[in-house]
Amino acid sequence: MRPALSRRTCYALAAVLLGSGASACSTKASSQTAKSSDGPIRVVAAENFWGSIAQQLGGSRVSVKSVITNPNSDPHAYEPTAADGRTVATARYAIVNGIGYDAWADKLLSANPGSDRVDLKVGDLVGIKPGGNPHRWYSPDDVHKVIERITADYKKIDPGHAAYFDTRRKSFEDTTLAAYNDLMSSIRKTYAGTPIGASESIVTPLSDGLGLKMLTPASFLEAISEGTDPTAGDKATIDRQLQDKKIKIYVYNSQNSTPDVQAQVREAKAKGIPVATVTETLTPAGASFQDWQVRQLRELKKALAEAMGK
């Protein structure tokens, strides 16, 4: 769920935590010392899916701390702590999703505008403005853009190890993500154009990347994602789609299963429509980005094969 009032709370907390040097870190000098160390690049990622990628791309030359790591935490409404403030204050590189998804992280960055810190806002990188779909880690094209940018930024911060970062990127793209890339290609080749239904907008970048046809009204997907009530008209449309089996599979976010979504899952199963799940953050918490995504893609492919008989 995504209670809007928590966002005001976290804005205020961020300002209190980071508005004074004493709260965010012991001294300005200690922050600069930490940043200018010859050791690994200190990286902070607002969410662990980006943090997982950042750690694997940087290897021994980086030390990555992700803020959102608990699968039960809601990144939309997270309230930052004093420890989060200190992490940002001493970071040399920061990765936030942006697009209104983690506004609390933007507040943390702006409260500590380190002169030598490099900031990556994924939304800015991929050209999606606030109000657009923020779930870019489910877009395969955007994931690859982030990989390229993180590597380029590492090389800028630590040019003496540029060749090392290039090697890490190539290995990650060609080997580590091989199963992820193969599943994306296979699903797109076999099932492109298949009509699907979903519980919220987190599924849309994935369905776009796979060439699937999303039939669920965009207004319903956004309402569930934002924690607002969907309209009676949208719910009636989805009921008809399920009753008439116009959708071949139904995909829902198991971390945000509202009563409306639960009712749709039950209805889909009753009509013999295969159901697949996704989650918003790494599940389990210690999973790598690729293991998490491959597991979900395999489940999705299995549901499509059951529905389409191939």
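Rules of the game
- Residues numbered from 1 in each chain as written.
- Predicted model: local features only at pLDDT ≥ 70, side-chain atom pairs only at ≥ 80, totals over all residues.
- Heavy atoms only, no water.
- Core = buried A, V, L, I, M, F, W, Y, C linked by side-chain atoms within 4.5 Å.
- Buried < 20%, exposed > 50% of the residue type's maximum accessible area, 1.4 Å probe, protein only.
- Helix = DSSP H or I, 4+ residues; strand = E, 2+ residues; numbered from the N terminus.
- Contact = heavy atoms within 4.5 Å.
- Pairing = 2+ DSSP bridges.
- Axes fitted to C-alpha atoms, helices over the stretch in contact; angles between N-to-C directions.
- pLDDT = per-residue confidence, 0-100.
- Expected span 1.5 Å × (residues − 1).
- Arc of directions from axis to C-beta.

Colleague: Whenever I open this one, the nonpolar core confuses me. Can you help?
Modeller: In a soluble, globular protein the nonpolar side chains are often hidden away together inside. With 54 residues, the main nonpolar core has Ile 53, Tyr 93, Ile 95, Trp 137, Ile 150, Tyr 154 and Phe 289 as its most contacted residues. Ranked by the residues each element gives to this core, the list is headed by helix H15 (residues 289–308), at seven residues. The contacts of Tyr 93, once residues within four sequence positions are left out, are Ile 41, Arg 42, Val 43, Val 44, Arg 117, Val 118, Leu 120, Arg 149, Ile 150, Asp 153, Tyr 154 and Ile 157.

Colleague: Hey, could you run me through the sheet that holds strand E2 (residues 62–68) in this one?
Modeller: Strand pairs in the sheet, formed through backbone hydrogen bonds, run parallel or antiparallel to each other. If you walk across this open sheet you meet the four strands as E2-E1-E3-E4, and the pairing is parallel. Only two strands of the sheet have a single partner each, and these edge strands are E2 and strand E4 (118–121). In this sheet, adjacent strand axes meet at a mean angle of 15 degrees when their direction is disregarded. Of the strand pairs in this sheet, strand E3 (residues 93–96) and E4 are connected by four bridges, and their pairing is parallel. Across the sheet, the residue bridging to Ala 94 is Asp 119, located in E4. In the packing of helix H6 (residues 103–111) onto the sheet, the strands contacted are strand E1 (41–47), E2, E3 and E4, and the crossing angle to E3 comes to about 155 degrees.

Colleague: Which parts of the structure should I look at to understand the confidence of the model for the protein chain?
Modeller: Fine structural detail should not be taken from predicted coordinates in areas where pLDDT scores are low. Per-chain confidence: the protein chain averages 89 in pLDDT, with 88% of residues scoring 70 or above. Across residues 1–37 the pLDDT falls below 50, and counting only partners more than four positions away or on other chains, this stretch makes 67 contacts in the model.

Colleague: I would appreciate a short explanation of helix H9 (residues 162–176) in the present structure.
Modeller: Residues that lie three or four places apart on an α-helix share one face, since the helix turns once every 3.6 residues. In a regular helix each residue adds 1.5 Å, so 15 residues correspond to 21 Å; H9 covers 20 Å between its end C-alpha atoms and thus fits that length. Among the residues of H9, Ala 162, Phe 165, Phe 172 and Glu 173 are the ones counted as buried. Seen from one end, H9 has its buried residues packed into an arc of 90 degrees, which puts them on one side. Turned more than 90 degrees away from the buried face of H9 sit Ala 163, Thr 167 and Thr 175, all of them exposed. In the core, the buried residues of H9 are packed alongside E1, helix H4 (48–58), helix H8 (140–157), helix H10 (178–191) and H15.

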